[in-house]
Amino acid sequence: MKITNWIIIIILFTSCNSVNNSNENQGKLIEENSVELSADQLKEINGKTENTQFADYSASIKCTGKIGFPNSFEHSIHSPIEGIISDLPYKVEGNSVKKGEELCRIKNLEIIKIQRDYAENYSNLKKSEAEFVRLQSLLKENSISKKEFDMAEAEFMKNKAYLLASEKSLEFLGISIQKIKNGIIEDYISIKSPSDGIITEININSGFYANNNTLLFKIQNRTHPHLELEIFSKDI
């Protein structure tokens, strides 16, 4: 009799587990971020279903903040060479500028010398290149010594390095190499805006003498604004 009672208890316990497992399986995930509930499970949690409806909700929180811009969108423009400021079209902050627009000019006799040096280096390279090619052909015919050819080659390579250095200097200052080749030499360099934006700072005026790395302008590109708010947890 006792054995029979134990068998009945085991059967009942097993049946209950089957029902619970069945209910759990009915609540399994059928899709990501979704769950399926059986009618019994919905009844247990006093849940109900309705059609989707549109409703207006409104709430307001008083807070303070400011409009900001990424630091990468602010440009500091320094003088690449010392000289006198001229042709300054914008004298107050707040003006809009376009990328490549001239902001001012810097005049210096050194600018003329840099362009003259390039013209001389360019001419010397052409001469030494022609001599190098001429002696190279003579060397093949054994008409000159190897030492004479090596001297011409060294002179050619030296002038090539000088010209490359002059080109880098001109590129740094924003001076057109083609203009120099066309015989045009100017006594100034043009400082241009690196991007569209608003002039937020001007530290010079016409006639001002700028040293190397003098901060001339600050320009802020305002195409990507963001709002920075201060909200306290007690107000939420």
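What you see is a predicted model, and the numbers here were worked out from it, not measured in a lab.

1. Focus on the sheet that holds strand β3 (residues 83–86)
The antiparallel open sheet is built from four strands, whose spatial order is β6-β5-β3-β8. With partners counted over all chains shown, the strands left at the sheet margins are β6 (188–192) and β8 (209–210), one partner each. Alignment of β3 against β8, held across two bridges, turns out to be antiparallel. By the bridge assignment, Gly-83 is partnered in β8 with Ala-210.

2. Points about the pattern of salt bridges
Considering all chains together, one arrives at nine salt bridges under this definition. Among the salt bridges present, the one from Glu-186 reaches Lys-179, with a minimum N-O distance of 3.4 Å. Judged by relative accessible area, Glu-186 falls into the partly exposed class, the value being 22%. Relative accessible area serves as the criterion here: at 35%, Lys-179 is assigned to the partly exposed category.

3. A word on the confidence of the model for the protein
Here the protein averages 83 in pLDDT, and 84% of its residues register 70 or above. When the criterion is pLDDT under 50, residues 1–30 qualifies, and its contacts beyond four places in sequence or with other chains add up to 14 contacts.

4. Some thoughts on the sheet that holds strand β9 (residues 215–220)
In space, the four strands of this open sheet follow the order β2-β9-β7-β4, with antiparallel pairing throughout. Here the strands that pair on one side only, and so sit at the sheet edges, are β2 (74–78) and β4 (96–97). Of the pairings in the sheet, the one linking β2 to β9 comprises five bridges and is antiparallel in character. Bridge pairing in β9 places Ile-77 opposite Phe-217.

The rules behind each value
Residues numbered from 1 in each chain as written. Predicted model: local features only at pLDDT ≥ 70, side-chain atom pairs only at ≥ 80, totals over all residues. Heavy atoms only, no water. Pairing = 2+ DSSP bridges. Helix = DSSP H or I, 4+ residues; strand = E, 2+ residues; numbered from the N terminus. Salt bridge = Lys/Arg side-chain N within 4 Å of Asp/Glu carboxyl O. Buried < 20%, exposed > 50% of the residue type's maximum accessible area, 1.4 Å probe, protein only. pLDDT = per-residue confidence, 0-100. Contact = heavy atoms within 4.5 Å.

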